[in-house]
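Structure at a glance
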Amino acid sequence: MPGIDECLLEAMALPGARGASLVDWSSGLALGTAGDSPVGDHETTAAETAELARAAAEYESFAPEVGGAGPGDPAGPPVEDLIVTTRSGYHVLRFVETSFDSSVFLHLWLDRADGNLALARHRLRALAEGLVLR
């Protein structure tokens, strides 16, 4: 089970990966970063992506309340992932289920010409499931 640094290094090994981070969407702080940032500053990118993640996780249009979590119901984040497509790249935000408040996500920035969006999404899911947060 990889920790934050190992997880981000594995994400950076994906084809076309330009940058990766683990972000707390309730505070907007980067808990770990690797590679480049789209704006040249990982903290700015973390704060901006946290706004997007917070909106998706909190607005009922994206994550309708289904009642209380009963047996067999997932207790983690209401959204699995977000994909933002730009002219030059892809941003994949994968929410991570944690034993505390599940308010973190992995952000992977991919080059559009070299990245494989399907592979990145599949690999981020596996990384999020195996990530150990202490």
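None of the values given here were measured: they were computed from a predicted structure.

1. Looking at the nonpolar core
Ranked by internal contacts, the top residues of the largest apolar core, which has 20 residues, are V96, L106, L108 and L124. Within the residue set of this core, elements represented by two or more residues are α1 (4-12), β1 (17-24), β4 (89-96), β5 (104-111) and α3 (117-130). Formed by 14 residues, the second largest nonpolar core is a distinct cluster that contains W25, A56, A57 and L93.

2. Let's talk about the pattern of salt bridges
Scanning all chains against the criterion turns up 4 salt bridges. Between E51 and R54 there is a salt bridge, with the nearest N and O atoms lying 2.5 Å from each other. Highlighted residues: E51 and R54, both in helix α2 (residues 42-58), separated by 3 residues, approximately one helical turn. For R94, the salt bridge goes to D81, with nearest N and O atoms at 3.4 Å. Of the two residues, R94 is situated in strand β4 and D81 in strand β3 (residues 81-85); the sequence distance between them amounts to 13 residues. When sorted by exposure, R94 lands in the same class as D81, which is buried. Members of the salt-bridge network, linked through shared partners, are D81, R94 and R121.

3. Concerning the pairing of β3
Strand direction decides the pairing type here: β3 and β4, joined by 5 bridges, are antiparallel. Bridge pairing in β4 places I83 opposite V92. Here β3 folds back onto β4, and the loop between the two strands holds 3 residues.

4. Looking at the environment of D36
By secondary structure assignment, the location of D36 is in the loop between β2 (29-35) and α2. Given a relative accessible area of 49%, D36 falls into the partly exposed group. With 18 residues separating them in the primary sequence, D36 and R18 have C-alpha atoms 5.8 Å apart. Residues within four places of D36 in sequence aside, it is in contact with R18, G19, H42 and W109.

5. Description of the sheet that holds β5
Spatial ordering of the open sheet is given by β2-β1-β5-β4-β3, a layout of 5 strands whose pairing is antiparallel. Each end of this open sheet is capped by a strand with a single partner; those strands are β2 and β3. Taking the axes of each pair of neighbouring strands and ignoring which way they run, one obtains an average angle of 15° across the sheet. Across 6 bridges, the pairing between β1 and β2 is antiparallel.

6. Quick notes on the confidence of the model for the chain
Across the chain, the average pLDDT comes to 88, with 87% of residues at or above 70. The secondary structure element of the chain with the lowest average pLDDT is α2, at 94, and the one with the highest is β1, at 97.

Conventions and cut-offs
Residues numbered from 1 in each chain as written. Predicted model: local features only at pLDDT ≥ 70, side-chain atom pairs only at ≥ 80, totals over all residues. Heavy atoms only, no water. Core = buried A, V, L, I, M, F, W, Y, C linked by side-chain atoms within 4.5 Å. Buried < 20%, exposed > 50% of the residue type's maximum accessible area, 1.4 Å probe, protein only. Helix = DSSP H or I, 4+ residues; strand = E, 2+ residues; numbered from the N terminus. Salt bridge = Lys/Arg side-chain N within 4 Å of Asp/Glu carboxyl O. Pairing = 2+ DSSP bridges. Contact = heavy atoms within 4.5 Å. Axes fitted to C-alpha atoms, helices over the stretch in contact; angles between N-to-C directions. pLDDT = per-residue confidence, 0-100.

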